Amino acid sequence: MNAYQQMKELHQKEFNAFPLGFALTDESFDKMMRDWGLEPTDTKKICKIPNTGFGFMRKSDVPAFLEMIERHRNEEKELMETIPDFAYDMFRYELANHEYGYTYDTDDTVEALGLTYDEIEADPKLKDAFERAKRDVIQQEDW
């Protein structure tokens with residue numbers, strides 16, 4: 001397992017441990033609220049998680065959630081600067097994960113990494129890592 005995968009696994013464990021709730025029915029909403037020590041009517045104490053439709057968190061947890069996300073971003077940036085081929089491993093993993101070898105579409109990969117094409121193009125290390133990873137994923141798929 002490369003450094004990118006290790007970082008991703010650690011970040012996912014921390015994210016999974018964060019007190020987020022998902023409710024599709026009134027019953028699951030009531031249970032989520034009670035699990036947080038709230039009454040189902042305490043809706044002013046929670047907020048929706050953007051882009052989920054049915055995800056929630058306590059408003060009191062928002063600062064810790066934002067801090068965790070920012071820390072994850074900073075750790076990734078630091079590893080890109082200090083570990084040789086971290087960016088390559090990152091691109092290769094995400095390209096394979098988003099089936100680039102079949103679709104030749106990099107949009108989902110770039111979006112998943114929170115990057116833009118302009119950022120990749122402007123950074124020679126990122127650009128080189130991106131191009132090498134695309135080539136290697138395609139070669140791996142050509143069997």
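Describing the pattern of salt bridges
Right, on to step 1. As enumerated under the stated definition, the model contains 14 salt bridges in all.
Right, on to step 2. A salt bridge links E94 to K8, with the shortest nitrogen-to-oxygen separation between them at 3.3 Å. With a gap of 86 residues between them, E94 in helix 4 (residues 86-97) and K8 in helix 1 (residues 3-17) connect regions that are remote in the sequence.
Right, on to step 3. Judged by its relative accessible area of 2%, E94 falls in the buried class.
Right, on to step 4. In this structure K8 comes out as partly exposed when scored by relative accessible area, which is 30%.
Right, on to step 5. Notably, a salt bridge pairs R73 with E70, separated by 3.8 Å at the nearest N-O pair. With R73 and E70 both in helix 3 (residues 62-82) and three residues apart, the pair spans about one turn of that helix.
Right, on to step 6. A residue is classified by how much of its surface remains accessible, and E70, at 39% relative accessible area, is partly exposed.
Right, on to step 7. Connected through shared salt-bridge partners, E14, E67, R71 and E75 make up one network.

Describing the side chain of K134
Right, on to step 1. Tracing the sequence through the fold places K134 in helix 8 (residues 124-141).
Right, on to step 2. Among all residues touching K134, those that are not within four sequence positions of it are L95, Y100 and T106.

Structural notes on the packing of aromatic side chains
Right, on to step 1. All chains considered together, the criterion is met by eight aromatic pairs.
Right, on to step 2. When the ring of F22 is compared with that of F54, the centres are 6.1 Å apart and the planes differ by 70°; the resulting orientation is edge-to-face. Taken as a pair, F22 in strand 1 (residues 20-22) and F54 in the loop between strand 2 (46-48) and strand 3 (55-58) lie far apart in primary sequence, 32 residues in all.
Right, on to step 3. Grouping aromatic residues by their ring pairs yields a cluster made of Y4, F86 and Y93.

Points about the nonpolar core
Right, on to step 1. Counting 19 residues, the largest nonpolar core has M90, F91, L95, L115 and I120 as the members making the most contacts within it.
Right, on to step 2. Once residues lying within four places of it in the same chain are set aside, the contact partners of I120 are F91, V110, L115, L126, K127 and F130.
Right, on to step 3. Counting residues in each nonpolar core, the second largest holds eight residues, with M33, W36, L38 and I46 among its members.

Comments concerning the packing of helix 3 against helix 4
Helices that pack against each other are described as a pair by the angle of their axes relative to one another and the distance between those axes.
Right, on to step 1. Running from amino to carboxyl end, helix 3 crosses helix 4 at an angle of 120°, the nearest separation of the two axes being 7 Å. Relative to helix 4, helix 3 is oriented oblique. From helix 3, E76, L79 and M80 reach across to helix 4, where they touch F86, A87 and M90.
Right, on to step 2. Taken together, the residues that form the contact of helix 3 with helix 4 break down as five nonpolar, no polar and one charged.

Considerations on the packing of helix 1 against helix 3
Right, on to step 1. Helix 3 packs onto helix 1 with a crossing angle of 175° between their chain directions and a minimal axis gap of 11 Å. Comparing their axes, helix 3 and helix 1 come out roughly antiparallel. Only F65, M68, I69, R71, H72, E75, E76 and L79 of helix 3 make contact with helix 1, whose side of the interface consists of Y4, M7, H11, E14 and F15.
Right, on to step 2. Here the contact of helix 1 with helix 3 is built from residues that sort into seven nonpolar, two polar and four charged.

What counts and how
- Residues numbered from 1 in each chain as written.
- Predicted model: local features only at pLDDT ≥ 70, side-chain atom pairs only at ≥ 80, totals over all residues.
- Heavy atoms only, no water.
- Salt bridge = Lys/Arg side-chain N within 4 Å of Asp/Glu carboxyl O.
- Helix = DSSP H or I, 4+ residues; strand = E, 2+ residues; numbered from the N terminus.
- Buried < 20%, exposed > 50% of the residue type's maximum accessible area, 1.4 Å probe, protein only.
- Contact = heavy atoms within 4.5 Å.
- Phe/Tyr/Trp six-rings, centres within 6.5 Å; stacked < 30°, edge-to-face > 60°.
- Core = buried A, V, L, I, M, F, W, Y, C linked by side-chain atoms within 4.5 Å.
- Axes fitted to C-alpha atoms, helices over the stretch in contact; angles between N-to-C directions.
- Parallel < 35°, antiparallel > 145°, perpendicular 65-115°, else oblique.
- Nonpolar A, V, L, I, M, F, W, Y, C, P; charged D, E, K, R; others polar.

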